[in-house]
Amino acid sequence: MGRRYTASNQSISDRAAAPVAPPTERKVVKPTPSELMEDTGTGVDYGTRPDRIPGYLVPNDRFYIRSHAPTPQVDLATWTSHRGQRRTPADQLHLRRAVRAVPAGFRDPHDRVRGQPAGSSRQRIRPHVRGNSLGPRRDRHRRVDRCPASRPARSGRSHTRCTGCHAESLDYNRFRRPLPLAKATSDDTLVALAMNGEPLPADHGFPARVVVTGWLRAASVKWLTRVEVSEQRLYSPWNNEDYVLIGSDFPAEGPARGPVITTVPVAASVELPWPAPLRSEPQMIRGRAFAGENAIAMVEYRIDDGPWQLARLDGPEVPGAWVRWQFAWTPRPGEHTLQVRATDDRGNTQPDASAYNELGYLQHSVLSHPLRVEDVPNSADRPVNLGWGSLGKRPSR
């Protein structure tokens, strides 16, 4: 049996104390204030603070940033998808639609799409590895199977039998992440042109990006410039060396160092700081749960060594969408731990330990969230924790 990640004796003090050198020049466009975003120190990665997400959909200013290179400056007047040199025996097809305008007030109740970075919980596991956070938004889009890149390629008079799809970014690294053609042309894989009713922000892929619902977010290529389809399985550094499971439990697959990560496992998060300062007064503890391409069926919680109890779910319980959960609690003063675990509609439940891999991906074991509860003097007039998680005012006597 290989090594395992566990949530025991976890600490993030080393991350909090680590010096973060400011970049020599700013690598992203939107503001990333420390009260909203967590700076990982790379200049291109900012996680959303879990206690700063106000509703089901994440506003653009609070949506996390995860990039492999600085945000490119794209001139819409000259941007087009372009035809590259043939690099495989397969035919290539390219997007040729430039984005000219997006209605600012666009809203579509069916456009709620979301995904999760494969390493979203790596900061709180031991051994320590790098990672980031998650989030959903509403997108305006075209389905990939309605774009030129998804139509059957032609070789002479016969259609080629394409099995792979390769979306490429115009960032500095020319990031590209292959997809099976079946996933690329599924109903929930999109080419997004807008986000929360606005044109795509620069840091999130302007003018167009791929959105692959239910898969790790690296599959959702930003700053889309080319789509290639192939009769053969496609590879890149981002499914050979990175975003693969590497370790004794994961044998290599062809040129890839291990199994390529696609969908993400069931997991739950708590919308509190780490550690969380609370007061000994009525609280509504909230969080979110996500199960990749599956739907969340149940979320349970327990305080310290108490029994597991059901949390109330709020939100669409559908595949590829996260749900919000909550429970009421009046804590006693002192040190406590909160554990939360989610179960999806296929019966998969978060484990006590996750399989070790060198890059720390797919960590989804149950975490012990530290809580520090402060005693509050009894008062009939003082409002009760009117911030996030409050139940309201103390009733009059």
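Residues numbered from 1 in each chain as written. Predicted model: local features only at pLDDT ≥ 70, side-chain atom pairs only at ≥ 80, totals over all residues. Heavy atoms only, no water.

Peer 1: What's the story with the nonpolar core in this structure? I'm lost.
Peer 2: Nonpolar side chains in soluble globular proteins tend to end up buried together. Ranked by size, the top nonpolar core spans 39 residues in total, and within it Leu216 and Tyr243 carry the most contacts. Among the elements of the structure, strand E9 (164-169), helix H2 (181-184), strand E11 (189-195), strand E13 (209-212) and strand E14 (224-230) are those that each provide at least two residues to this core. Core analysis: the second largest hydrophobic core is formed by 22 residues, Ile285, Ala291, Ala342 and Val373 among them. (Core = buried A, V, L, I, M, F, W, Y, C linked by side-chain atoms within 4.5 Å. Buried < 20%, exposed > 50% of the residue type's maximum accessible area, 1.4 Å probe, protein only. Helix = DSSP H or I, 4+ residues; strand = E, 2+ residues; numbered from the N terminus.)

Peer 1: Honestly, the sheet that holds strand E3 (residues 45-48) in this entry has me stumped. Any pointers?
Peer 2: Taken in spatial order, the 3 strands of this open sheet run E2-E3-E4, and their pairing is antiparallel. Only two strands of the sheet have a single partner each, and these edge strands are strand E2 (37-39) and strand E4 (65-66). Relative to E4, E3 is paired through 2 bridges, and the arrangement is antiparallel. Residue pairing across strands places Tyr46 opposite Ile65, the latter belonging to E4. (Pairing = 2+ DSSP bridges.)

Peer 1: Would you mind going over the pattern of salt bridges with me for this structure?
Peer 2: Two side chains that carry opposite charge are able to pair once their charged atoms sit near each other. Per the stated rule, a full pass over the model turns up 13 salt bridges. Arg49 is paired through a salt bridge with Glu38; the nearest N and O atoms lie 3.6 Å apart. Of this pair, Arg49 sits in the loop between E3 and E4 while Glu38 sits in strand E2, and the two are 11 residues apart along the sequence. Here Arg49 falls in the partly exposed class, since its relative accessible area comes to 28%. The class of Glu38 is buried, set by a relative accessible area of 19%. A salt bridge links Glu228 to Arg226; the shortest N-O distance between them is 3.9 Å. Its relative accessible area of 2% is what places Glu228 among the buried residues. (Salt bridge = Lys/Arg side-chain N within 4 Å of Asp/Glu carboxyl O.)

Peer 1: How should I be thinking about the environment of Arg66 in this particular structure?
Peer 2: Among the secondary structure elements, Arg66 is positioned in strand E4. When its relative accessible area of 23% is taken as the criterion, Arg66 is described as partly exposed. At 3.1 Å, the side chain of Arg66 and the side chain of Asp45 are in polar contact. (Polar contact = N/O pair within 3.5 Å; in protein donor to acceptor, adjacent residues only side chain to side chain.)

Peer 1: Could you clarify how one ought to interpret the confidence of the model for the protein chain in this entry?
Peer 2: In low-pLDDT segments, the atomic positions of the prediction should not be examined closely. This prediction gives the protein chain a mean pLDDT of 76; 68% of its residues lie at or above 70. Below pLDDT 50 for its whole length, residues 4-24 participates in 44 contacts with residues either more than four positions away or in separate chains. Ignoring residues within four places in sequence, the model shows residues 379-397, a span with pLDDT below 50, making 34 contacts including any to other chains. (pLDDT = per-residue confidence, 0-100. Contact = heavy atoms within 4.5 Å.)

Peer 1: What exactly am I supposed to notice about the side chain of Asn60 here?
Peer 2: Relative to the elements of secondary structure, Asn60 occurs in the loop between E3 and E4. A residue is classified by how much of its surface remains accessible, and Asn60, at 12% relative accessible area, is buried. Excluding residues that lie within four positions of it along the chain, Asn60 makes contacts with Lys30, Met195, Asn196, Glu198, Pro201 and His204.

Peer 1: Which parts of the structure should I look at to understand the side chain of Ser169?
Peer 2: The residue Ser169 is located in strand E9 in this model. Given a relative accessible area of 1%, Ser169 falls into the buried group. In terms of polar contacts, Ser169 uses its side chain to reach the backbone carbonyl oxygen of Lys222, at 3.0 Å. If sequence neighbours within four positions are ignored, Ser169 has contacts with Arg174, Phe175, Val221, Lys222, Trp223 and Thr225.

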